Structures are given as C-alpha cells and as structure tokens.
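# Descriptive analysis of the structure
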Amino acid sequence: MTILNQEQTKRICERVLALSKADECIVSVGGSREGNIRFARNAVSTAGLAENTAVTVQVAFGKRQGTASINEYDDKSLEKVVRRAEDLARLAPENPEFMPAVAKQAYKESATFSAKTAAIDPEFRAQAAAYAIEACRKNKLVAAGFFTDSTAFSTVANSNGVFGHQQQTGLDFTCTVRTEDGRGSGWVKRSALDASRFDAREAADVAIEKALRSVDAKAIEPGRYTVILEPAATSELIGFMMSGFDARQTDEGRSFLSKKGGASRLGDKLFDQQVNIWTDPWNPDVPVLPWDAQSLIARERVDIIKDGKVNALDYSQYWAKKKGVKPTATPGNLIMAGTNKSTAELIANTKKGILVTRTWYIRLVDPQSVLLTGLTRDGTFYIENGKIKYPIKNFRFNESPVTMLNNIEEIGKPVIIGGDEVAYQMAIPPMKVRDFNFTSLSDAV
Amino acid sequence: MERRTFIKIGAGTAGAMLVPVFGNAIAAEELLNPMATSAKKALADTAMDAARKAGASYCDVRIGRYLNQYITTRDLNVQGVTNTESSGVGVRVIAAGAYGFAATNAMTPDAVANAARQAVAIAKANARLQTEPVVLAPVKGVGEVAWATPFKRDWRSVPVKDKAEMLIAANKAGLDAGASFMTANLFQINQQKYFASTDGSYIDQDIHRLWAPINATAVDKASGKFRSRAGLAPPVGMGYEWFDVKPEHKVRAAGGVATLYRGGYDIVEEARNAGRQARAKLSAKSVDPGKYDLVLAPENLFLTIHESVGHPTELDRVLGYEANYAGTSFCTLDKWESKTFKFGSLIVNFSGEKTTPGSLGAVGYDDEGVPTKRWDIVRDGVLVNYQATRDQAHIIGEKESHGCSYADSWSNVQFQRMPNVSLAAGKAPLTPDEMVKDVKKGIYILGRGSYSIDQQRYNFQFGGQLYFEIKDGKIGQMLEDVAYQSNTQDFWNACTAICDERDWRMSGSFFDGKGQPSQVSAVSHGSSTTRFNGINVINTGRKIA
C-alpha cells in the first residue's frame, strides 16, 4: 500500500535527483489512506476508503520551471516523470520572480503520527456513526454527520541536500442533530491527531443537548451584543484574517495591515492586550509538518500577534529577497492563548449575552477592513445572569475579526479545531466579546 | 455553497508546484490521447460481472480521465502553468437494498473486479443501519452512445505560449488603464467520462469547460485605500473559440456603463475596463443605506439564483442528506405538496436543465446514465418541482429522474447536484435601458461580489462588482460599499420586471461545493436584467483601528 517508510522514499528521491539534468530539482513523495463514513436521516448514506500516492518533480533550467507527477515508482516511471518535468520547463516562459531551491534545512521532527489513529478500521467508523444514530433514535431526534480519518506520509528533497520525511494522522467528526419537527438543531465538531483523544459518545451528546435546548427559538432584535463565541464560531473568522499578514500584499497597499503612505502596521497594537496568536509546528495539541510544503523552508515557532501587537508578517522567498529579510515558512497551524476557564465559566460570568455555537458561510465583504459577513447556526442562546435562559433565532453578522479581537472581555481554554474553509490546524479558545455586530435575523433552524 | 476553491487555486504565487491540482501533472502532448472505447467497455463489463457475482442487484461503473490545465499570471509575469490528469474507475452498487462504492486508479481487470467486490461488501455493511431500501427510478438502457461538448477549437491543442500571451496582454491593458495590480487566470477542463450500468447503457462523453477570471486592483497609497474590480464574463461550456470574439458577442450594459459578453469574450477589452473602473472605485460615493429598487444584471443575478433558488430546490437538501454540511432547505415537501407556495411573484419562472449549448451543466447524460432534459421548478411564482436523481424521483411522484446526478471525479461517489437553473425572460418587450426609466430611486448592480446565505436559504446578503445610482429614471454616479439583504421568498416576490429574451444570457459558478467529502461542480444560470422593488441595502464601509 501507499504508506511508504523513510528508507523507501529516500531511495525514490535519490533516484529522481540522480536522473535530473536540470539546474535544480525538487522532489516530493506523498501518499494517504483516507477512510470515511457519512450518515443522514439516522442511517448511513455512504462510506469509503480512498488511497492515493504521487511523486512530484519540479525542475528548473535558469528561470524556467516545469512540474510533473506520477504514481509509479519503478526506475522507468521515475525517469519518465523527470523527463516530463524537464520538457515542460523547457517550454515554459521565464518567470522573472523565479527563486532558486532552498539550501539544506534542519527539520526538527514534530509528533504528527498516532498509531491508534492509523489503526482505525471500518468498525471504528461505523461505531462513531452508530453512537449518534442510536442516541438520536432513542430521543426522537435525527442525526446527520461525517467521520473521516487519514494516515499519510510526506517526503521532500531537493538537489541542495534538503530531505525530510514524516508520517501524519488525523481525524474529524462533525454531527448535526435536528428535532423531528425541524424546530431545533445542534452541532458538534471534534478534531484529533490521536484517536484516543476522541470520544464519539461525548461528541454526539453535545449535539443532542444543543438540539433539544434550541427548540422554539425566540426572535430578539439585531444589534450589538456581548457574545460568547465557541471556538468553532471564531476559528474561521481568525483564519480569514490571516491572509492579510502577507508582507508583499501589505507593502503593496492591499492589506488591512497596509498604512497610508506605503508603510505597514507591523509593530502596531491593533488588538486587545490579551490577544496572542502564534504558529508552532511542534505544539503538542496541533503538531504539523516542520516544513512548508511549497517552499521547503523549515517552519519555526513564530509569534504572529504578541500582546495585541502585529509581530510578524509572512515573507515569500521572492519578497524577502527584495526586502532584504529572511523568508518565512507558511504556517501550518494557529494557536491562540487562553486561560483555564471553561465555556460554562464564561457563561456564568455574563450578565446579559448571547452564546454562539458556530458560524456559517463566512465571506469577505471588504478586504480593507476585513469586514466579514456570515450567520450563526445550530445553537444560539440568550444568557442572563450567568445562565442560558432560552434559545434565540439565528443572526447574520457583519463584523471584522480585527474589531472582534479588540473587544475581548474574557478568554477561555483553547480547544483543537480543524479548519473548514481555512487550511490551518487550530487551537482556539472560546471568547467573550462585547459589541459584536448582528445585522439581521434569519429564520433558518 | 459557492466554495473558495478558486481562491485557493489562485493563491499560488510562484511555480506550478504551488497550485493545488485535481490529479497528476502531465505533459501537454499526452492530453490528446484518449483510452479506446472498447477497452473501457471491457473494463466496465468486468466490474459489473464481479458485482453481480458478489450479490449486487444493480451496478454502475464510471471510468474517468480528467484533464485540466491552469495558467496563472500576475501583471506581466506567468506564474504557473500546470497540466493535470486523473484517471481511474469508480464502481457503485446496490446490494441488500443499500449503496456501496469503491474506486481504484489501477485500470486492470483484477483491480476493477476487486473494487466491485469491495463496493458490494460496503453495501452489505451499510445495509445493517439502513432504514429503507434504495429505490431507483427506471432508466431504459441506451446501448453504446456518445456525446461531446460542441466546440470549434480544442483548448488542448492551443499552444500554452499563445494563451499566456493573451493573459499577459489583458494584464497590460488593465495596468495601462489605471490598475496598480492585475491578475488573469485560465482554467481549462476536459472530462472524459465513460458510464456503464447493468441497465444496459454504455455512454462515452467528452466534456469541455473554460474560465478566464481577471482581477484589477487599484491602490491609492496616499489615502491607504484599495479597491478591486473582477471580470464580469462567465465561465462557459465551450471550446477555445470563446476568445474569438465578434461584434455580435458584445452586449452594452444599461447606460453604457460596461461591455458584457455572450458567445465570445474580449478579455483584453474587459481587463482595460476593469483597470479603469477599479481606479474609479477609489473615489466612488459611499452608498446611503435604505430601501432601493434594484436592477440586477445577469452577471450579478446568476449567483443570487444559484444560492436562493438552485440550492433550496435540491431534493437531497430538502430531505436532510446535507443537514450536516451545506444545510437543509426552506422549500419543504409540504410547501411543494400544497401546490400554492408562492416562491416568487407571478412573473417568476425557473426551470432546471442540462441541455443549453455553451452552459457549464450541459451534458448528454448524467452520472447515472439518465438522458438530460428541461423541467419547471417554479411556474408563475409557485414552487412546482425539485431537482432529483434516480433514488429520489419516487419521493416526489416522478416516474423518471431529472438527470441531476454528478461526481467530480472517478474516485468520488455520484450524488444529487444542481443542474443549470435559470430565470425565464420576461414576456413583454423590455430592454435594460427601458427598465431603468421606470426607477425613481434605485441601484444598478453588475458582477459577482461577496455572497452569503443561511443554511436553509432564507436570509442572504449579496454584493457585486459595480454599483451605479439610478435617480429619476437615469443611471448616475458610481456607488461603493453596497450589499443587499433580504429573505429569499420576500426577494423573489418583490420581482416586478424582467427584460425580454434579447437580454437573456448565462453566467455561472465554476466551483460549487457540496457533500462530504466535499465535491465541486460547475453550473450556469441564465436570466435577463431583472428589477426588485424596495430591497434593503446596507453600507459595508468600515474603519478599523
């Protein structure tokens, strides 16, 4: 099968590099085995297992680059893929922004593999679905959900001596529970690298409780409210904002971090003092590969926002050279500092407010201010005197994460949350935020 | 949901290796070499035979070869050229009343037979939790047939150099006209899809699609303000002749504020206009929020149709199969059964179809081997039907499927996807300029902007690319910071005028996402310029610290 060990992939990389006649050569070998089970209407709808591998070769003659891939590893196939890449490179136009392959990097291993996750089988997946389905049938509720797990390897090498190999595992579970009459809906998401940190029964119970509590939601007026945002409600908003941290975009005047006259807001205190966001490939909760798969630059721990100040921007190799600074690796994870407080404690400390389970269909309305719009979904509740009083109808919001991270009153304990439309592994805390801007009501349950 | 796939694809900044691909990168000379139909038939027969022997009551086999080419340019540089290929076989079966699916990229008899047996085993395992057996609407086997996108110029045979030069010329035109930065991309898709089923169909299809999105950004460094204007031209289901523009392909927008395209595209002219208008946006008037009569060009309305009509009338959403991801729908079965649910005003008529030449959804047969057709979804403002696949047709009393089954890859299972969903043209003669004459206080909106809608498709907020004030029957100054908010049913009931057939044209969504694991599909949506009275407009301008 598809999960190759370091010895096997090193041999492939060495063969490819030896075959290449180009000025430089970059190889990546990757493979994955992904299993899933999908359920809806209290029954399994689909289940599958997909396996895939590829060797990708990128070569350059001067400033001309070519890329080709193949999924066979015999000598003949490897020669074919190298020649294909070289043929494409000869045909390609010169790229004035071409940057040479990186020099040898030191990749410090990160703990991205769990044997327990790699051992997940169809029974495990079916049981994850069954917990939700059976509990919902008992409670006259309707479950829909998706469990997916993956085991993968990634190897990178180049003609300057770069080499890295690691295995990765991960799982994601989402479950939506609705009442039979469609008047209540609850949701849960759990992500884990290690299957022993995943409890399907606990997850299903959260969605069930939210569904039962959300029936007969009241309408309250849109406006600015103190909100307690669960991690799934803020993770995508923060993820959207991170695209503005690109140094080139900022220097060119096309980011919320650009200033009048061409300067950037690097060093400015743009957020609340409590806001600390960093990336760290070795974080034990959300470890990621210690290299950036695009540039092969070794990842490091980087404080992106420190005590509310913009502390670092992302520099591509090209822009770093132009600006005379060190290029950076693209972050693979985002970690936001929190406290030990639970969401329940945040609720208990709130006189009047709104609890938001998750946000949905978030889109950038204005890149100048990072104004985002989207909606709440699957569990929105009114809080009074430290207690959830009643469910309320969903809202549309128009809010900037920059403003949101300025209006923080209290932060809770970070939890692991995988991205949906944002490609980061994240550890994000629940937050209490004042003046969050809800602009209209939605009838959707 | 209109997913952000394009944003991810377009985000690469240097080198083809950075572009996420739907397959393996291949050399251009291999693109024009399809697998023999007889070999595909033999493989399909092997899979179906193995499935039957393992206990399947039904089996379909999809043998796919998906060829894509992406070219990305920024300003005067080509940043990446990537050819990709993905080939393999997907086998879907029904056994013990349940579905099973398995796929393999090994195109050998042993591998496809194994996949078929694996699919049967999965079906039998799933049957344990099944509440009711799968019921398929009948499809008469069509024997050995073929269908291809009608095109005059094959994108695969056009030299990469010519394409890159065209994109660079567009970028240069935009920069010369006032843009500070330009991007132009070219997405080219060829899906070679072979379908066979135990109903007796062997269908060979060759499908082509193109999209050339551009984007102009103007920056005023003194004020720190920046604004962008994306292209207004649609993605299409046709060949490279899309770029052989003739005068009759150009459509003048109301008041002459833009040039629009139908049947052919002048990307350089469009880029020049985009550069000029991106610069103009920097000094456009910020809108006063309030109620306006909106005049929406098809280049804006298509995505509103997609989100507020296309998605809520998907029967799998209505039934709850998407509840955990894209959501359910307000168009519940009781509303359809009542035969009186007022989806829109009397002049609102929507149909679904996968037959319009040049559209993204046009195919001869869907991914269940069902011949494509046209049908009404909303007639005279009333919800009359949904979009269904073979296993859903009986739920709404239909005797045959609507042909709405689609999978984006041989390795993914097919399921219900949106066809082209379009608003019929108005019956009375009316041009966009004539429509504007009747508007006292309104806004004319062109192009797709920021789009967001709730999971049951009630509450939406949509933007655009270009906004022009309409005052006392005349188009006036450019506006900025505009978004319109409404509830789907209120919005379509506020539809008061639709321009006639002369103005009808299609735009489309190239990367529409749905399902878990998520799959993308492409569909077109047609309309004429349409007016909606008294719609809430908000001002989206904000200042941050």
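About the criteria used
Residues numbered from 1 in each chain as written. Chains lettered and ligands numbered in written order. Predicted model: local features only at pLDDT ≥ 70, side-chain atom pairs only at ≥ 80, totals over all residues. Heavy atoms only, no water. 1 Å grid on protein atoms, 1.4 Å probe; cavity = no way out; pocket = protein on both sides within 12 Å on 5 of 7 lines; lining within 4 Å. Points joined across faces, edges and corners; volume = space filled by probe spheres on them. Helix = DSSP H or I, 4+ residues; strand = E, 2+ residues; numbered from the N terminus. Nonpolar A, V, L, I, M, F, W, Y, C, P; charged D, E, K, R; others polar. Domains from an automatic or database assignment. UniProt positions renumbered as here; feature names shortened; annotations may be inferred. Axes fitted to C-alpha atoms, helices over the stretch in contact; angles between N-to-C directions. Parallel < 35°, antiparallel > 145°, perpendicular 65-115°, else oblique. Left-handed = near helix turned anticlockwise from the far one by under 90°. Contact = heavy atoms within 4.5 Å. Phe/Tyr/Trp six-rings, centres within 6.5 Å; stacked < 30°, edge-to-face > 60°. Buried < 20%, exposed > 50% of the residue type's maximum accessible area, 1.4 Å probe, protein only. Lys NZ or Arg CZ within 6 Å of the ring centre and 35° of its normal. pLDDT = per-residue confidence, 0-100. Salt bridge = Lys/Arg side-chain N within 4 Å of Asp/Glu carboxyl O. Polar contact = N/O pair within 3.5 Å; in protein donor to acceptor, adjacent residues only side chain to side chain. Expected span 1.5 Å × (residues − 1). Arc of directions from axis to C-beta. Core = buried A, V, L, I, M, F, W, Y, C linked by side-chain atoms within 4.5 Å. Pairing = 2+ DSSP bridges.

Residue and element names in this part refer to chain B. Counted under the stated rule, the structure contains 5 cavities of 30 Å³ or more. Quantified by volume, the largest cavity comes out at close to 130 Å³. As for the largest cavity, its lining consists of 17 residues, and the residues nearest its centre are Arg-209, Lys-354, Gly-361, Val-363 and Tyr-406. Taken together, the elements giving at least two residues each to the lining of the largest cavity come down to strand E7 (201-211), strand E17 (405-406) and strand E28 (519-527). It is E28 that provides the largest number of residues to the lining of the largest cavity, a total of 3 residues. Here the lining of the largest cavity is composed, by residue class, of 7 nonpolar, 4 polar and 6 charged. Looking at which domains feed residues into the lining of the largest cavity, each of domain 1 (4-281) and domain 2 (285-539) supplies at least three.

What follows is about the UniProt feature "domain: Metalloprotease TldD/E C-terminal" (unreviewed entry) in chain A. Cross-referencing UniProt, the feature "domain: Metalloprotease TldD/E C-terminal" (unreviewed entry) maps to residues 222-439 of chain A in the present numbering. Counting secondary structure, residues 222-439 of chain A comes out at 16% helix and 38% strand; the distance between its end C-alpha atoms is 5 Å.

Right, let's get into the packing of helix H1 (residues 6-19) of chain A against helix H2 (residues 75-91) of chain A. Residue and element names in this part refer to chain A. Where H1 meets H2, the closest approach of the two axes is 9 Å, and the angle between their N-to-C directions is 50°. One element, H1, and the other, H2, form an angle in the oblique class. Between H1 and H2 lies a crossing of right-handed hand. Residue-level inspection shows Ile-12, Arg-15, Val-16 and Leu-19 of H1 in contact with H2, the latter providing Asp-75, Leu-78, Glu-79, Val-82, Arg-83 and Glu-86. In terms of residue class, the contact of H1 with H2 is built from 5 nonpolar, no polar and 5 charged.

Pairs of aromatic rings are described using the distance from one ring centre to the other and the angle between the two planes. Counting across every chain of the model gives 41 aromatic pairs over all chains. When the ring of Trp-336 of chain B is compared with that of Tyr-386 of chain B, the centres are 5.9 Å apart and the planes differ by 55°; the resulting orientation is tilted. Here Trp-336 of chain B, found in helix H8 (residues 333-338), pairs with Tyr-386 of chain B, found in the loop between strand E16 (382-383) and E17; they are 50 residues apart in sequence, far enough to count as distant. Tyr-386 of chain B carries the same exposure label as Trp-336 of chain B, and that label is buried. Against the face of Tyr-390 of chain A rests Lys-218 of chain A, its NZ or CZ located 4.1 Å from the ring centre.

With 94% of its residues at a pLDDT of 70 or more, chain B has an overall mean of 93. Counting contacts from residues 3-22 of chain B, a segment whose pLDDT is below 50, to residues more than four positions away or on other chains yields 56 contacts.

Each partner contributes to the interface: chain B provides 72 residues, whereas chain A provides 82 residues. The tally of links between chain B and chain A comes to 3 salt bridges. The interface formed by chain B and chain A includes 28 residue pairs in polar contact (both at pLDDT 80 or more). Sorting the residues of the side of chain B that touches chain A by element identifies strand E1 (24-25), strand E3 (77-95), helix H3 (109-127), strand E8 (214-220), strand E9 (225-230), strand E21 (451-453), strand E22 (459-462) and strand E25 (482-487) of chain B as the ones contributing at least two each. Of the residues that constitute the side of chain B that touches chain A, the class distribution is 30 nonpolar, 27 polar and 15 charged.

Mapped onto the fold, Asn-487 of chain B is located in strand E25. Classification of Asn-487 of chain B by relative accessible area gives buried; the value is 17%. Within the structure, Asn-487 of chain B has its side chain in polar contact with the backbone nitrogen of Gln-489 of chain B (distance 2.9 Å). Every residue in contact with Asn-487 of chain B, bar those within four places of it in the chain, is listed here: Asp-443 of chain A together with Tyr-458 and Phe-460 of chain B.

Let us look at helix H2 (residues 37-54) of chain B. Each turn of an α-helix holds 3.6 residues, which means side chains three or four residues apart point in the same direction. Residues and elements named next belong to chain B. For H2, which comprises 18 residues, the first-to-last C-alpha distance of 26 Å matches the rise-based estimate of 26 Å (1.5 Å per residue) to within 8%. Listing the buried residues of H2 in full gives Lys-40, Leu-43, Ala-44, Ala-47, Met-48, Ala-50 and Ala-51. For H2, the buried positions fall inside an angular range of 160° around the axis, keeping them on one side. For H2, exposure combined with an orientation more than 90 degrees from the buried face picks out Ser-38 and Lys-53. The inward-facing, buried residues of H2 contact strand E2 (58-74), E3, H3, strand E6 (181-197) and E7. One or two positions beyond H2, positive phi appears at Gly-55, with a value near 115°.

As a further point, take the UniProt feature "domain: Metalloprotease TldD/E N-terminal" (unreviewed entry) in chain A. UniProt feature "domain: Metalloprotease TldD/E N-terminal" (unreviewed entry): in the numbering of this structure it lies at residues 28-89 of chain A. The annotated region residues 28-89 of chain A carries 24% helix and 63% strand content, and the separation between its end C-alpha atoms amounts to 17 Å.

On to the UniProt feature "domain: Metalloprotease TldD/E N-terminal" (unreviewed entry) in chain B, then. Those residues carrying the UniProt feature "domain: Metalloprotease TldD/E N-terminal" (unreviewed entry) are residues 59-123 of chain B in this numbering. The span residues 59-123 of chain B is 23% helical and 65% strand by assignment, and the distance between its end C-alpha atoms comes to 11 Å.

All right, on to the nonpolar core then. General note: in soluble globular proteins, nonpolar side chains tend to be found buried as a group. By size, the foremost hydrophobic cluster in this structure holds 54 residues, and its most contacted members are Leu-294, Phe-343, Phe-350, Ile-443, Tyr-484 and Trp-492 of chain B. Considering each element in turn, this core owes the most residues, 5 residues, to helix H6 (residues 298-310) of chain B.

Okay, the sheet that holds strand E19 (residues 420-423) of chain B next. Residue and element names in this part refer to chain B. Spatially, 4 strands are ordered E16-E15-E14-E19 in an open sheet, and the strand pairing comes out antiparallel. Each end of this open sheet is capped by a strand with a single partner; those strands are E16 and E19. Here strand E14 (residues 350-353) runs beside E19; their pairing, made up of 4 bridges, is antiparallel. In the sheet register, Glu-353 faces E19, and the bridge partner there is Asn-420. Contacting E14 and E19, H6 runs over the sheet at an angle of about 110° to E19.

Attention now goes to the layout of surface pockets. All names here are of chain A. Each pocket or cavity is described by its volume, and for the second largest pocket that value is around 1000 Å³. Every residue lining the second largest pocket is counted, 39 residues in all, and those nearest its centre are Arg-190, Glu-202, Glu-230, Thr-343 and Val-415. Among the secondary structure elements, those contributing two or more residues to the lining of the second largest pocket are strand E6 (185-192), helix H5 (200-213), helix H6 (231-242), strand E11 (333-336), helix H9 (343-348), strand E12 (352-366) and strand E17 (415-418). Here the lining of the second largest pocket gets 6 residues from one element, more than from any other, and that element is E6. Class assignment for the residues of the lining of the second largest pocket results in 22 nonpolar, 5 polar and 12 charged.

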